[in-house]
Amino acid sequence: MSDRKRSTALALASALGAAAVLLAASAAHADVVDVAYDCKTPIGDKSAVSPIDIKAVKEGGGYKLTMSFQKGVSSSPVELGKGAMSPSAVVLVGGAEKASVPVSGASNPEAVPANTPIKITDLSGTYTPKKSGKVTFTAGVLTIKALGTTTTCTPGNSPKPSLELDVTGAGSSGGSGGAEEDTLPQTGPTDSALALGTLGATVFLTGAAGVLWLTRRGQRARS
């Protein structure tokens, strides 16, 4: 391969990467949001603030949601043994449609000392969109069951959405293949590779035209 063709190929690859990043940025927006929980516990009212992160990964006709807590919430006056606590929550869907997605997670993998903030394991559930458009995902009520008791924690600060995502509903004319695959199925640094399906063809055609133009210009220069 000549130096000129090699340079053109590198420029095309760079353009594809830039296009993918731009599409990823426009298709989804995620934030770690501080959620101030007001908890009703068996020993009275408690409050705690935890940053919440919500991610979505495309799975078939829906999305697997994962809700992560970066700080512990509530506490117990007695030690909670391994596996004694079971968490669950609701993720509120807004925007193109309104829905509530139940998410749940594993019990505590280690004992929780008394009067220590309870670290919630990642909670997950499945969201299947019925309508197409931009939807948001916001932390809802958290429920903690332990030692035969139930603690309910309600967001008291009207938190903003942790994730905004373009989705395609099951009944949309775009079908379950092309349109859904072109949306961003998850958040994070690996998303950009999935965005090539939409902009890749356009950028590639532009790159091919550039190669043709460079080749013809070279021929004119030699003639």
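The preceding data block contains the structure.
Residues numbered from 1 in each chain as written. Predicted model: local features only at pLDDT ≥ 70, side-chain atom pairs only at ≥ 80, totals over all residues. Heavy atoms only, no water.

Q: Please give an account of the pattern of salt bridges that cites residues and values.
A: Side-chain pairing between opposite charges can occur once the charged atoms of the two side chains come close. A full pass over the atoms with the stated rule returns four salt bridges. Residue Asp 166 pairs with Lys 134 through a salt bridge whose shortest N-O separation is 3.0 Å. Note that Asp 166 is positioned in strand S10 (residues 163-167) and Lys 134 in strand S8 (residues 133-146), a separation of 32 residues in sequence. (Salt bridge = Lys/Arg side-chain N within 4 Å of Asp/Glu carboxyl O. Helix = DSSP H or I, 4+ residues; strand = E, 2+ residues; numbered from the N terminus.)

Q: For the pairing of strand S6 (residues 99-104), give the residues involved together with the corresponding values.
A: The pairing of strand S5 (residues 85-95) with S6 spans six bridges and is antiparallel. Bridging across to S6, Ser 88 finds its partner in Ser 104. Between S5 and S6, which pair antiparallel and follow one another directly, the connecting turn spans three residues. (Pairing = 2+ DSSP bridges.)

Q: So what's going on with the pairing of strand S2 (residues 33-41)? Residues and values would help.
A: Here S2 shows a buried face lined by Val 33, Val 35, Tyr 37, Cys 39 and Thr 41 and an unburied face lined by Asp 34, Ala 36, Asp 38 and Lys 40. Across nine bridges, the pairing between S2 and strand S3 (residues 44-59) is antiparallel. For Asp 38, the partnering residue across the bridge sits in S3 and is Ser 47. Linkage of S2 to S3, two consecutive antiparallel strands, is achieved through a turn of two residues. (Buried < 20%, exposed > 50% of the residue type's maximum accessible area, 1.4 Å probe, protein only.)

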